[in-house]
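Each chain, written out:
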Amino acid sequence: MTLILGLETSCDETAAAVVEDGTRVLSNVVASQHELHERYRGVVPEIASRAHVERVLPTVEAAVREAGVALERIDAIAVGNRPGLIGSLLVGVSAAQALAWALGKPLIGIDHVQAHLWAARLEVLSPESRVPRPTQDSSLKPQASSLRTLDHPALGLVVSGGHTSLYVLESPLRLTLIGRTIDDAVGEAYDKAAVILGLGYPGGPTLDKLAQAGDPRKVDLPRSTLGADSLDFSFSGLKTALLYAVRGHPVGRREAARFERSEADLTDAERADLAASFQAAAVDAVMIKIGRALDQHPAVQRLVIGGGVSANSLLRARAVELGERRGLPVHVPAMAFCVDNAAMIAGLAYEHLIAGDVSPLDLPAIATTAL
Ligand code: KG4
Ligand code: ZN
């Protein structure tokens, strides 16, 4: 039994988790900073890194306590060291370096995007019984026995605030990028759409909820497909189309341009219809590319989805539908593991550890990803 303590501080969540043998989550603590960034309607890097400094040690302590294991029992320390906000990453990396050094345990640097694709394999264990607890998403959960060793190649889709990318996974550690957004990430588009509709921050979950009360056919918004064979994504046209649908076309030019209406003029029903129409267009655009990728890569055995937007109700429903239609197993994370968390970091680190792939103690924090 191998226990890994994971740390994650790449953006605005300070997270720590203890995971056994790659998939069994003994604790998963996430200290969100949403309240600190809400008034700016986006993450302010300086505020994020300062908050990580204050929260990282209490979060690690809580994760170890909740797991019910002594710190000395931990076999390795894992940390998301790329990609992300550099000031935020540095806090987690420094804490992980100190822990690894003080405990004399291996340090493992993890790619955050790759870890999102591990999240669907995580299962929650109650610390008392150490038996699997059913999650609310049991229909989407892979069988326990196959959790760590799923068949490959798999098609991987990461949909988050920073990424919208498709990969072919030859194994959990070997993946090839086959498509990505050429402008906004889908989560970013959700957050901006929420601002356009006058909703709170972060916008994704609020917009998703509101969309369920609206009519998705009410407003015709564009589904960008790019070239006929393209696996890339584009969401900036959808965002602009929503802006014009809400506020009308701008009158006048450049600095003098003014919109005819504002989001305050929307009725509740209009706002819900716009949210539903946006959600339908955004999710359609993603599903079109998944379909194309599966057609272009017939050897693919399964579809694995991860990242904050994999919590989206419509995307989850459409992914299950697609799996049934194509006879393809589809793996979506339990809700707790969709958004940023450290369990996915500790889980993927197990694969690195058994492959003998550990990091030097002077592991760097890297803002961009090679993937
Ligand atoms: O993976 P994540 O926590 O952070 C990044 O690595 O970016 O993803 C956060 C993103 C945000 O843009 C948030 O609005 C979006 O995920 N999100 C959602 C939903 N829940 C979170 N977007 C659509 N529907 C949701 N239910
Ligand atoms: Zn993320």
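The structure presented is a predicted model; accordingly, all values stated were derived computationally and were not measured.

Definitions and cut-offs
Each chain carries its own residue numbering, running from 1 in the written order of its sequence. Here every chain gets a letter starting at A, and every ligand a number starting at 1, in the order they are written. Predicted model: local features are reported for residues with pLDDT of at least 70 only, side-chain atom pairs are reported and counted for 80 or more only, and whole-chain, interface and lining totals are derived from all residues. Hydrogens and water are ignored here; the side-chain numbers use all heavy atoms of the structure. Any residue with a heavy atom lying within 4 Å of a molecule or strand is counted as near it. The definition of a polar contact used here is a pair of N or O atoms within 3.5 Å, where within protein one atom must be able to donate a hydrogen and the other to accept one, and adjacent residues in sequence count solely through side-chain atom pairs. Every accessible area reported is derived by Shrake-Rupley at a probe size of 1.4 Å, with residue values counting cover from the shown protein chains alone. Think of it this way: any DSSP run of H or I at least four residues long counts as a helix, any run of E at least two long counts as a strand, and we number them from the N terminus. We call Asp, Glu, Lys and Arg charged. Ala, Val, Leu, Ile, Met, Phe, Trp, Tyr, Cys and Pro are nonpolar, and the rest, Gly among them, are polar. By this rule, a helix spans an expected 1.5 Å times one less than how many residues it contains. Think of it in three bands: with a 1.4 Å probe and only protein chains considered, a residue is buried below 20% of the maximum accessible area for its type, exposed above 50%, and partly exposed in between. The rule for donors is simple: an N, O or S atom within 2.8 Å of the metal counts, and for Na, K and Ca the reach is 3.2 Å. Water is not among the atoms, so a site may look short of donors. Square planar and octahedral assignments, for four and six donors respectively, both demand that opposite donors be over 155 degrees apart and that all other angles lie between 65 and 115; tetrahedral needs four donors with all angles between 85 and 135 degrees, and anything else is irregular. Within this analysis, the arc is defined by the directions that extend from the helix axis to the C-beta atoms. Note on contacts: a residue pair qualifies if any of its non-hydrogen atoms lie within 4.5 Å across the two residues. In this analysis, strands are considered paired if DSSP registers two or more bridges between them. Classification of ring pairs rests on two measures: the distance between centres of Phe, Tyr or Trp rings, Trp counted by its six-membered ring, which must be within 6.5 Å, and the angle between planes, read as stacked under 30 degrees, edge-to-face over 60 and tilted in between. Salt bridge, as used here, is a side-chain nitrogen of Lys or Arg placed within 4 Å of a carboxyl oxygen of Asp or Glu. An axis is simply a line fitted to the C-alpha atoms; with a helix, the fit covers only the stretch in contact. Between two such axes, the angle follows the N-to-C directions and lies from 0 to 180 degrees. The disulfide definition used here is simple: a pair of cysteine sulfur atoms within 2.5 Å.

> For the site of ligand 1, give the residues involved together with the corresponding values.
Taken together, 18 residues surround ligand 1, and among them Gly161, Asp191, Gly308, Asn312 and Asp340 come closest. Contacts to ligand 1 include Gly162, whose backbone N or O atom sits 3.2 Å from an oxygen atom. Relative to its unbound accessible area of 560 Å², ligand 1 is 89% covered by the protein chains. Contributions of two or more residues to the shell around ligand 1 are made by α4 (112-116), α5 (186-196) and α6 (203-211). Among the residues making up the shell around ligand 1, the classes are represented as five nonpolar, 10 polar and three charged.

> Mind laying out helix α2 (residues 45-67), listing which residues take part and the relevant values?
Between its first and last C-alpha atoms α2 spans 30 Å; for 23 residues at 1.5 Å apiece the expected length is 33 Å, and the two agree. For α2, the complete set of buried residues consists of Ala48, Ser49, Ala51, His52, Val56, Thr59, Val60, Ala62, Ala63, Val64 and Ala67.

> Please provide a residue-by-residue account of the coordination of the zinc ion (ligand 2), values included.
Taken together, the protein ligands of the zinc ion (ligand 2) are His112 (NE2), His116 (NE2) and Asp340 (OD), with distances of 2.1 Å. For the zinc ion (ligand 2), the four donor atoms in the first shell make angles of 93 to 138° at the metal, so the coordination geometry reads as irregular. The exposure class assigned to His112 is buried, which follows from its relative accessible area of 7%.

> Describe in detail α6, supporting the description with residues and values.
Each α-helix winds once per 3.6 residues, and so residues spaced three or four apart point in a common direction. Those residues of α6 not exposed but buried are Gly203, Gly204, Leu207, Asp208 and Ala211. When α6 is viewed along its axis, its buried side chains cluster within an angular range of 125° and face the same direction. Pointing more than 90 degrees away from the buried face of α6 are the exposed residues Pro205 and Lys209. Packing partners of the buried residues in α6 comprise α5, α8 (268-296) and α9 (313-326).

> Explain the pairing of strand β9 (residues 174-180) residue by residue, including any values.
Bridge count between strand β8 (residues 164-171) and β9: six bridges; the pairing is antiparallel. From the neighbouring strand, Ser165 faces β9, where its bridge partner is Arg180. Between β8 and the antiparallel strand that follows it, β9, lie two residues.

> How would you explain the packing of aromatic side chains if you had to name every residue and give the values?
Overall, the coordinates contain three aromatic pairs when judged by the stated rule. A centroid spacing of 5.1 Å and a plane angle of 90° characterise the contact between Tyr190 and Phe278, whose relative ring orientation is edge-to-face. Of this pair, Tyr190 sits in helix α5 while Phe278 sits in helix α8, and the two are 88 residues apart along the sequence. The burial state of Tyr190 is the same as that of Phe278; both residues are buried. On the numbers, 6.3 Å between centres and 10° between planes, the contact of Phe233 with Phe235 is stacked. When its relative accessible area of 2% is taken as the criterion, Phe233 is described as buried.

> Residue-level account of the side chain of Thr2, with values.
Within the secondary structure, Thr2 sits in the segment before β1 (3-8). For Thr2, a relative accessible area of 18% puts it in the buried group. Apart from residues no more than four positions distant in its own chain, Thr2 is found in contact with Val19, Glu20, Asp21, Asp75, Tyr350 and Leu353.

> With reference to specific residues and values, describe the pattern of salt bridges.
Following the criterion strictly, the structure yields 15 salt bridges and no others. Between Arg217 and Asp215 there is a salt bridge, with its nearest N and O atoms 3.8 Å apart. The exposed category is assigned to Arg217, whose relative accessible area is 71%. We classify Asp215 as partly exposed; its relative accessible area is 26%.

> Just give me the short version of the sheet that holds strand β3 (residues 24-32), but keep the residues and values in it.
Taken together, the six strands give an open sheet; going across it, the order is β5-β4-β1-β2-β3-β6, and neighbouring strands pair in mixed fashion. Two strands in the sheet have a free side with no partner beyond their single neighbour: β5 (107-111) and β6 (123-124). Of the pairings in the sheet, the one linking strand β4 (residues 76-82) to β5 comprises five bridges and is parallel in character. Directly across from Val79, in β5, lies its bridge partner Gly109. Lying on the sheet, helix α3 (residues 86-103) is in contact with β1, β4 and β5; it crosses β4 at an angle near 160°. Packing of helix α10 (residues 343-354) onto the sheet brings it into contact with β1, β2 (13-20), β3, β4 and β5, and relative to β1 it is tilted by some 130°.

> Can you lay out the environment of Gln301 for me, pointing to particular residues and giving the numbers?
Within the secondary structure layout, Gln301 lies in the loop between α8 and β10 (302-306). In this structure Gln301 touches Asp151, His152, Pro153, Leu328 and Pro329, once residues within four positions along its chain are discounted. At 3.1 Å, the side chain of Gln301 forms a polar contact with the backbone oxygen of Ala299.

> Mind laying out the state of the cysteines, listing which residues take part and the relevant values?
Taken as a whole and judged by the stated rule, the model has zero disulfides. In this structure Cys338 is a free cysteine whose sulfur lies 16 Å from that of Cys11, the closest cysteine sulfur available. On the accessibility criterion, Cys338 (0% relative accessible area) is buried.

> Let's hear about the sheet that holds strand β11 (residues 330-331): which residues, and what values?
Taken together, five strands build an open sheet; the order of strands is β9-β8-β7-β10-β11 and the sheet is mixed. Two strands in the sheet have a free side with no partner beyond their single neighbour: β9 and β11. Pairing of strand β7 (residues 154-159) with β10 involves five bridges; the strand directions are parallel. Bridge assignment links Leu157 to a residue of β10, and that residue is Ile305. Lying over the sheet, α8 contacts β7, β8, β9 and β10, oriented at roughly 160° with respect to β7.

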